[in-house]
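# Structural overview for review
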Amino acid sequence: MSILDSIQAAEAEALFLKKAAVVTARDHLRDVERAAAREAETIVEKARGQAREKVAAAEKEAIKKLEQLLAERGANNDLVAEQALARLDEV
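Here the residue numbering is sequential within each chain, running from 1 through the sequence in written order. Where totals are concerned, whole chains, interfaces and linings use all residues; where local detail is concerned, this predicted model gives features only for residues with pLDDT of at least 70, and gives and counts side-chain atom pairs only at 80 or more. Here the side-chain values reflect all heavy atoms present in the structure, with hydrogen atoms and water set aside.

## Structural notes on the overall build of the chain
Strands here are runs of E lasting at least two residues and helices are runs of H or I lasting at least four, both read from the DSSP assignment and numbered beginning at the N terminus. A tally of regular secondary structure across the chain gives one helix and zero strands. Over its C-alpha atoms, taken along the principal directions, the chain stretches across nearly 130 × 15 × 5 Å. Three exposure classes are used, based on accessible area relative to the maximum for each residue type with a 1.4 Å probe and protein chains only: buried under 20%, partly exposed in between, and exposed over 50%. Here the chain holds 91 residues, and 1% of them are scored as buried. Total accessible area on the chain stands at roughly 8300 Å², and carbon and sulfur atoms take up 61% of it. Side chains of the chain carry 15 positive and 18 negative charges; the gap between the two charge centres is 5 Å. Residue-level accessible areas treat just the shown protein chains as cover; the underlying method is Shrake-Rupley with a 1.4 Å probe. As used throughout, the charge tally considers Lys and Arg to be positive and Asp and Glu to be negative, leaving His and the chain termini uncounted. For charged residues, the charge sits on one atom: NZ in Lys, CZ in Arg, CG in Asp, CD in Glu.

Have a look at this one:
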């Protein structure tokens, strides 16, 4: 084998190794991107779950406060009605 043939064979092997390295790098990059996407989805799902819990807790608190307010207003309305009836009795 001549020196030229040796050089050409070495260049061909170098080109093959370069292409193989590029393919390997792309595959690795895709794997990393998929892993990152899965991790991001997990984080988003966790955040959504926490948000749902906070919204549910806020709704319960709002309902509790509304019930208290309605009870207070109902008691106030009862008092006003009693006062109005007392005034009518006076008249």
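## A closer look at a nonpolar patch on the surface
Each patch is built from salt-bridge-free residues with over 30% relative accessible area, joining like charges within 9 Å and nonpolar side chains (Val, Leu, Ile, Met, Phe, Trp, Tyr) within 5 Å. Here a salt bridge means any side-chain nitrogen of Lys or Arg lying within 4 Å of a carboxyl oxygen belonging to Asp or Glu. Taken together, the side chains of Leu66, Leu69 and Leu70 present a nonpolar region at the surface, about 280 Å² in accessible area. Checked against the element boundaries, Leu70 lands in helix α1 (residues 3-90). With relative accessibility at 53%, the residue Leu70 sits in the exposed group.

## Describing the pattern of salt bridges
By the definition in use, this model includes three salt bridges. In this structure, the salt-bridge partner of Asp27 is Arg30, at a minimum N-O distance of 3.1 Å. Of the two residues, Asp27 and Arg30 are both situated in helix α1; the distance of three residues between them amounts to about one turn of the helix. Note on Asp27: relative accessible area 35%, which makes it partly exposed. According to the relative accessible area criterion, Arg30 is partly exposed, its value standing at 39%. Note that Asp31 is salt-bridged to Arg34, the shortest N-O span being 3.5 Å.

## Remarks on the environment of Ile63
In this fold, Ile63 is placed in helix α1. The exposure class of Ile63 is partly exposed, given its relative accessible area of 48%. Along the chain, Ile63 and Asp89 lie 26 residues apart, while their C-alpha atoms are 38 Å from each other.

## Digging into the environment of Val23
In this structure, Val23 sits in helix α1. The class for Val23 is partly exposed, based on a relative accessible area of 43%. For the pair Val23 and Gly49, spaced 26 residues apart in sequence, the C-alpha to C-alpha distance is 39 Å.

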